[in-house]
Amino acid sequence: MDLQTYLDQAQKIVFLTGAGVSTASGIPDYRSKGGLYGGKERPEYLLSRTCLAKEPQKFYAFVQKMYYPKAQPNVIHQKMAQLAQKGRAKIITQNIDDLHRQAGTPEDCLVEFHGNLYEIFCQKCGQRHLSYQDYLASPIHIGCGGILRPDIILYEEGIPTSRLQRAIVAIQRADLLVVCGTSLVVYPFADLLEYRQSRAQVVALNREALSLPRGAQQIIGDAREQFAQVRV
Ligand SMILES: [Zn+2]
C-alpha cells in the first residue's frame, strides 16, 4: 500500500518525526556520522546539563551552531500540518528546529518531545519567551545578568511528565502511526510505540530498510517525494 492509502483509511493519525524530516530543509543531523560538528568533544557532553553548568561558553559555542533561522518547512512539514489542521493528525517530533510550528501545525496537535531551540529562557530570573536573536548575540540576560538557555532537553535531563503524557495519549488514540525521518529502534520512539493499540498500523518511511516492530510496514523511498504526492 502507498502512503495515501494508509492515510485515507485512518481516523486518527500520529506522525513521529526525526532529523530526516528536516534535512530536506537544509538542517543537518548533528548526530550523524562525520556531521558538521565533528570536534574533539562529543555532542553528548556539549549538550549536557553538566557542560551548561560548568562550561557555559562551550555549551553556547556548540548550541549556536544548531540554529538555522532561515530554514523553511518543506512539503513533509506542510502536508502533516494540513492533516493536523483538519483534525486528522497529531505530530510528535524529536526535532527542535521549530519547523513543524512554522508549517502551521496547531499547538494542541504538536508535541515537541525534545523542546524548541527558539524558546529562550533565563536560568536566573526565569523569564521566558526571550528573543533567540538576542540569545545568538549574547548568552547573558541583559535584565539580570543570568545565563540564558534554549528550552531543549539536554543530556542528563528528563522529558517533562506532562509532555510525555501528551505523547502517550496521542499514541493510545491513534489507529495509524507514521514514523518518518528517524529510526524506530532508537529511544524515545521505540518506547512510545509500545503504547499503541494492538490494531494500530505502524508505517515507517525511510530510505533504507529498518528493523521494525512486529506487524509494522515499511515504505522505502524519499519521504519528500511521498509527501509531495499526498492529497490532504
Ligand atoms: Zn534573567
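Nothing here was measured: the structure is a model prediction, and the numbers come from that model.

1. Describing the environment of Q85
- Locating Q85 in the fold gives a position in helix α6 (residues 75-85).
- Residues Q85 and P106 lie 21 residues apart in sequence; the distance between their C-alpha atoms is 6.4 Å.
- If we ignore the near neighbours within four places in the chain, the residues touching Q85 are A103, G104 and P106.

2. Focus: the coordination of the zinc ion
- At this site the zinc ion is bound by C122 (SG), C125 (SG), H141 (ND1) and C144 (SG), with donor distances of 2.0 to 2.4 Å.
- Because the angles between the four donor atoms bound to the zinc ion fall within 103 to 120°, the donor set is best described as tetrahedral.
- Spacing between the donor residues of the zinc ion along their common chain follows C-x2-C-x15-H-x2-C.
- Residue class for H141 comes out buried when judged on its relative accessible area of 9%.

3. A closer look at a positive patch on the surface
- A grouping of K12, K90, R166 and R173 is seen on the molecular surface, where their side chains present a positively charged patch.
- Along the chain, the position of R166 falls in helix α9 (residues 161-173).

4. With respect to the environment of V21
- Within the secondary structure, V21 is located in helix α2 (residues 19-23).
- A relative accessible area of 0% places V21 in the buried class.
- Sequence-wise, V21 and A223 are 202 residues apart; in three dimensions their C-alpha atoms are separated by 7.7 Å.

Cut-offs and rules
- Residues numbered from 1 in each chain as written.
- Predicted model: local features only at pLDDT ≥ 70, side-chain atom pairs only at ≥ 80, totals over all residues.
- Heavy atoms only, no water.
- Helix = DSSP H or I, 4+ residues; strand = E, 2+ residues; numbered from the N terminus.
- Contact = heavy atoms within 4.5 Å.
- Donors = N, O, S within 2.8 Å, 3.2 Å for Na, K, Ca; no water.
- Tetrahedral: all angles 85-135°; square planar, octahedral: opposite > 155°, others 65-115°.
- Buried < 20%, exposed > 50% of the residue type's maximum accessible area, 1.4 Å probe, protein only.
- Patch = residues over 30% accessible without salt bridge, like charges linked within 9 Å, V, L, I, M, F, W, Y side chains within 5 Å.
- Areas by Shrake-Rupley, 256 points an atom, 1.4 Å probe, with all protein chains shown as cover.
- Salt bridge = Lys/Arg side-chain N within 4 Å of Asp/Glu carboxyl O.
- Lys, Arg positive; Asp, Glu negative; His and termini not counted.
- Charge placed at Lys NZ, Arg CZ, Asp CG, Glu CD.

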